[in-house]
Amino acid sequence: MEIRQLHYFMAVCEEMHFTKAAEKIGVTQPTLSQQIRALEDELHMPLFDRIGKKIALTEAGTMLLSYGTQILDTLQNVKDSIADLRHIQSGTIKVGIMPSDLDYRITQLIIDFYHAFPKVKLMVIASIDIMRQVLESEVDIGIGTNVQPNDRLVAIPLCREEYVLTVSERHPLASRTSIDVDELRGLPMIMYPEGFMGRDLVEESVRKHGFQLNSILETSSATSILNLVKANIGATVQPYPLIRQINDPVLRTVRIRDGAPSRSLAIIYRSDRYLSQAAKAFMERIKEFFQD
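Computed from a predicted model, the values in this text were never measured in an experiment.

Quick notes on the rules
Residues numbered from 1 in each chain as written. Predicted model: local features only at pLDDT ≥ 70, side-chain atom pairs only at ≥ 80, totals over all residues. Heavy atoms only, no water. Phe/Tyr/Trp six-rings, centres within 6.5 Å; stacked < 30°, edge-to-face > 60°. Helix = DSSP H or I, 4+ residues; strand = E, 2+ residues; numbered from the N terminus. Buried < 20%, exposed > 50% of the residue type's maximum accessible area, 1.4 Å probe, protein only. pLDDT = per-residue confidence, 0-100. Axes fitted to C-alpha atoms, helices over the stretch in contact; angles between N-to-C directions. Left-handed = near helix turned anticlockwise from the far one by under 90°. Contact = heavy atoms within 4.5 Å. Nonpolar A, V, L, I, M, F, W, Y, C, P; charged D, E, K, R; others polar. Polar contact = N/O pair within 3.5 Å; in protein donor to acceptor, adjacent residues only side chain to side chain. Salt bridge = Lys/Arg side-chain N within 4 Å of Asp/Glu carboxyl O.

What follows concerns the packing of aromatic side chains. Enumeration over the complete set of coordinates arrives at six aromatic pairs. Here F9 and F48 contribute two aromatic rings whose centre-to-centre distance is 5.5 Å and whose plane-to-plane angle is 45 degrees, an arrangement assigned as tilted. One end of the pair, F9, is in helix α1 (residues 3-15); the other, F48, is in strand β1 (residues 48-51), with 39 residues separating them in the sequence. The buried category is assigned to F48, whose relative accessible area is 2%. Three or more aromatic residues joined by ring pairs make a cluster, and in this case those are F9, F18 and F48.

Written out as structure tokens, the structure is:
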């Protein structure tokens, strides 16, 4: 079995159409069909059921797809590790991080890393689905929240962060240093939409006390949420280190007693993926940054 044939097979699996797959990889459709037939002859099993103009994977095809993905991943790891020996401070690192942390917290970290590794291209991507992006190799490293155990992932704990009520200096609760969880009941809130990790964490916490947040405005942008809070439209609940980093004189933070929401942050990456020396260096800086 040739690696080229495996690439052809994977292309057909992605498109489920021989002509489209041929166009994608830059060969003629007869050439592609010939190579797939040669692969089937070698394996003595059909890989696709050909039903008119449609095709479907056979059981053997499904098995080859699973192993083929692992084979190509391993081959890419070999290429990356050898290239890293030649260019130890070059290459590209893709990092997934929550949008609010990207907007407000890690700019200085990126600046410092650039000065240390100016030849490394750093791509920092805002995401609310970091675990999936890491598992599907859309990013090399993720900074995840409340990461669930997964055999395919390595998770390095960073820190635990407590959420606080965040209000404008003109809000009735602005002079308070702390409140009970139950005082959030009925309070007009500006929050992320449901399904966002930051929203779900807070909702889960107050649900234990028998109520839901009174969300009067929702936006997926942390900047919008905080601007609305500063305008005294409502309050919000956000991680304390995030608000501290913003250091806006208009904002006030109020601790939540007796069961404040919290999040645990961790660096995650695929256990079977090669990480370059530059990526490892960036991970070390992430650990130092968040643990400080």
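And the narrative resumes.
Our next topic: the confidence of the model for the protein chain. A low pLDDT score tells you not to read the predicted coordinates there in detail. For the protein chain, per-residue confidence averages 90 on the pLDDT scale, and residues scoring 70 or more make up 98% of the total. Averaged pLDDT values over the elements of the protein chain bottom out at 83 in helix α4 (residues 59-86) and peak at 97 in strand β8 (residues 188-191).

Attention shifts here to the packing of helix α6 (residues 107-116) against helix α11 (residues 277-291). Between α6 and α11, whose axes approach to 11 Å, the crossing angle comes to 145 degrees. Read as a crossing pair, α6 and α11 show a hand that is right-handed. Residue-level contacts link L109, D112, F113 and A116 of α6 to A278, A281, F282, R285, I286 and F289 of α11. For the contact of α6 with α11, the per-class residue count stands at eight nonpolar, no polar and two charged.

What follows covers the side chain of S127. Turning to its location among the elements, S127 is positioned in the loop between β4 (120-126) and α7 (130-135). Here Q133 takes part through its side chain, which lies 3.0 Å from a polar atom of the side chain of S127.

So, about the pattern of salt bridges. On inspection of all chains with the given rule, the structure shows 24 salt bridges. Salt-bridge contacts for D101 lead to R105; the nearest nitrogen and oxygen are separated by 3.2 Å. A relative accessible area of 7% means that R105 is categorised as buried. A salt bridge links D180 to R257, with the shortest nitrogen-to-oxygen separation between them at 3.0 Å. Residue D180 is located in strand β7 (residues 178-180), and its partner R257 is located in strand β11 (residues 251-257); the two are separated by 77 residues in the primary sequence.

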